[in-house]
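# Chain and residue survey
What follows is each chain in one-letter form.
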Amino acid sequence: AQSVSQHNHHVILSEAASLELGCNYSYGGTVNLFWYVQYPGQHLQLLLKYFSGDPLVKGIKGFEAEFIKSKFSFNLRKPSVQWSDTAEYFCAAFPRGAGSYQLTFGKGTKLSVIP
Amino acid sequence: DSGVTQTPKHLITATGQRVTLRCSPRSGDLSVYWYQQSLDQGLQFLIQYYNGEERAKGNILERFSAQQFPDLHSELNLSSLELGDSALYFCASSPQGINTDTQYFGPGTRLTVL
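Computed from a predicted model, the values in this text were never measured in an experiment.

## Observations concerning the overall build of chain B
The helix and strand inventory of chain B stands at zero helices and 11 strands. Seen in sequence order, chain B has helices and strands lined up from the N terminus as β-β-β-β-β-β-β-β-β-β-β. With the C-alpha coordinates aligned to their principal axes, the bounding extent of chain B is approximately 40 × 30 × 25 Å. Looking at chain B as a whole, 52% of its 114 residues qualify as buried. Long-range pairs, those at least 24 residues apart, make up 55% of the contacts in chain B between residues at least 6 apart in sequence. In the structure as shown, chain B presents an accessible area of about 5,300 Å², 47% of it carried by carbon and sulfur atoms. When the 8 basic and 11 acidic side-chain charges of chain B are each reduced to a single mean position, those positions are 4 Å apart.

Spelled out as structure tokens, the structure:
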């Protein structure tokens, strides 16, 4: 069965530090990949997505992610975090050839940014 | 604000009871998805509807059912509730329910079963 793994449960950074959150998926075929963010008390919002093309994807709020097919990875990065980035981050995937569009989510990584 | 609305925001009920959660998709979206978020299982896909028809089923228990109405709103019915059903239930919507769509999530309904 397809799965998505996020290696870090909780990451604590100081403002201006660089961020990299790991995401790996287990599916041999073509996948669509997403990063969603959930700010405290709010709904899930799409940060960025990768369907095909340039493996370096830029999203909102200065986030980017790199798709590395050989490593089955889609890591999220931001050069300099702000306190307002404190949130939970979810990586998600679904196999492109599937008949339906059901996302498989990772367990999430909680990011705490200290001012 | 994603444009997806869910009611109620919070629901507290007892074991053995039945509840109904409601979702209104974004204007123009034809597909609705239900997800359950719990501490131990994370975010899990339950079921998808497209224009009133069930399109896909995930890890949805037999005690749970859903439907999408002609006005495209959807309801998730949870019956014979157990303590372990306590979770955050999210609804999402997308335009066509196909693999080039983006899913937009609602604020969720927090269900507490006592």
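## Quick word on the packing of aromatic side chains
Considering all chains together, one arrives at 17 aromatic pairs over all chains under this definition. With 6.4 Å between their ring centres and 25 degrees between their planes, Tyr25(A) and Phe67(A) make a pair best called stacked. Placement of Tyr25(A) in strand β4 (residues 24-26) and of Phe67(A) in strand β8 (residues 64-68) is noted, with a sequence separation of 42 residues between them. Across this residue pair, the class does not change: Tyr25(A) and Phe67(A) are buried. Centroid distance Tyr35(B) to Phe45(B): 5.7 Å. Interplanar angle 65 degrees. Geometry classified as edge-to-face. Here Phe45(B) lies in strand β5 (residues 42-50) and Tyr35(B) lies in strand β4 (residues 31-38), a separation of 10 residues in the sequence. The class for Phe45(B) is buried, based on a relative accessible area of 4%. The positively charged end of Arg26(B) is found above the aromatic ring belonging to Tyr104(B), 3.8 Å away from the centroid. Just above the ring of Tyr50(B) sits the side chain of Arg55(B); from NZ or CZ to the centre is 4.3 Å.

## Examining the state of the cysteines
Taken as a whole, this structure holds two disulfides over all chains when the rule is applied. Here Cys23(A) engages in a disulfide with Cys91(A); their sulfurs sit 1.9 Å apart. When the S-S torsion is -65 degrees, as for the bridge of Cys23(A) with Cys91(A), the disulfide is left-handed. Of this pair, Cys23(A) sits in the loop between β3 (19-21) and β4 while Cys91(A) is found in strand β10 (residues 87-95), placing the two residues 68 residues apart along the sequence. Look at Cys91(A) and you get buried, because its relative accessible area is 0%. What pairs with Cys23(B) in a disulfide is Cys91(B), and their sulfur atoms sit 1.8 Å apart.

## Digging into the layout of surface pockets
Estimates place the volume of the largest pocket at around 780 Å³. For the largest pocket, the lining is made up of 28 residues, of which Gln38(A), Glu88(A), Gln37(B), Leu88(B) and Arg110(B) are closest to its centre. Going through the elements one at a time, β10 of chain A together with β4 and β9 (87-94) of chain B are the ones with two or more residues in the lining of the largest pocket. Residue composition of the lining of the largest pocket, by class: nine nonpolar, 13 polar and six charged.

## Observations regarding the sheet that holds strand β8 (residues 74-78) of chain B
Residues and elements named next belong to chain B. Strand order in the open sheet made by the four strands is β1-β3-β8-β7, with antiparallel pairing throughout. Only two strands of the sheet have a single partner each, and these edge strands are β1 (5-7) and β7 (64-68). Averaged over neighbouring strand pairs, the angle between their axes works out to 15 degrees when direction is ignored.

## Looking at the interface of chain A and chain B
Contacts between the two partners involve 18 residues from chain A and, on the opposite side, 28 residues from chain B. Carbon and sulfur atoms supply 57% of the area buried between chain A and chain B, which totals about 1,700 Å² over both sides. At the junction of chain A with chain B, the criterion picks out four residue pairs in polar contact (both at pLDDT 80 or more). Put simply, the parts of the chain that give the side of chain A that touches chain B at least two residues each are β5 (31-38), β6 (44-50) and β10 of chain A.

Rules and cut-offs
Residues numbered from 1 in each chain as written. Chains lettered and ligands numbered in written order. Predicted model: local features only at pLDDT ≥ 70, side-chain atom pairs only at ≥ 80, totals over all residues. Heavy atoms only, no water. Helix = DSSP H or I, 4+ residues; strand = E, 2+ residues; numbered from the N terminus. Buried < 20%, exposed > 50% of the residue type's maximum accessible area, 1.4 Å probe, protein only. Contact = heavy atoms within 4.5 Å. Areas by Shrake-Rupley, 256 points an atom, 1.4 Å probe, with all protein chains shown as cover. Lys, Arg positive; Asp, Glu negative; His and termini not counted. Charge placed at Lys NZ, Arg CZ, Asp CG, Glu CD. Phe/Tyr/Trp six-rings, centres within 6.5 Å; stacked < 30°, edge-to-face > 60°. Lys NZ or Arg CZ within 6 Å of the ring centre and 35° of its normal. Disulfide = S-S within 2.5 Å. 1 Å grid on protein atoms, 1.4 Å probe; cavity = no way out; pocket = protein on both sides within 12 Å on 5 of 7 lines; lining within 4 Å. Points joined across faces, edges and corners; volume = space filled by probe spheres on them. Nonpolar A, V, L, I, M, F, W, Y, C, P; charged D, E, K, R; others polar. Pairing = 2+ DSSP bridges. Axes fitted to C-alpha atoms, helices over the stretch in contact; angles between N-to-C directions. Buried area = accessible area lost by both parts, 1.4 Å probe. Polar contact = N/O pair within 3.5 Å; in protein donor to acceptor, adjacent residues only side chain to side chain.

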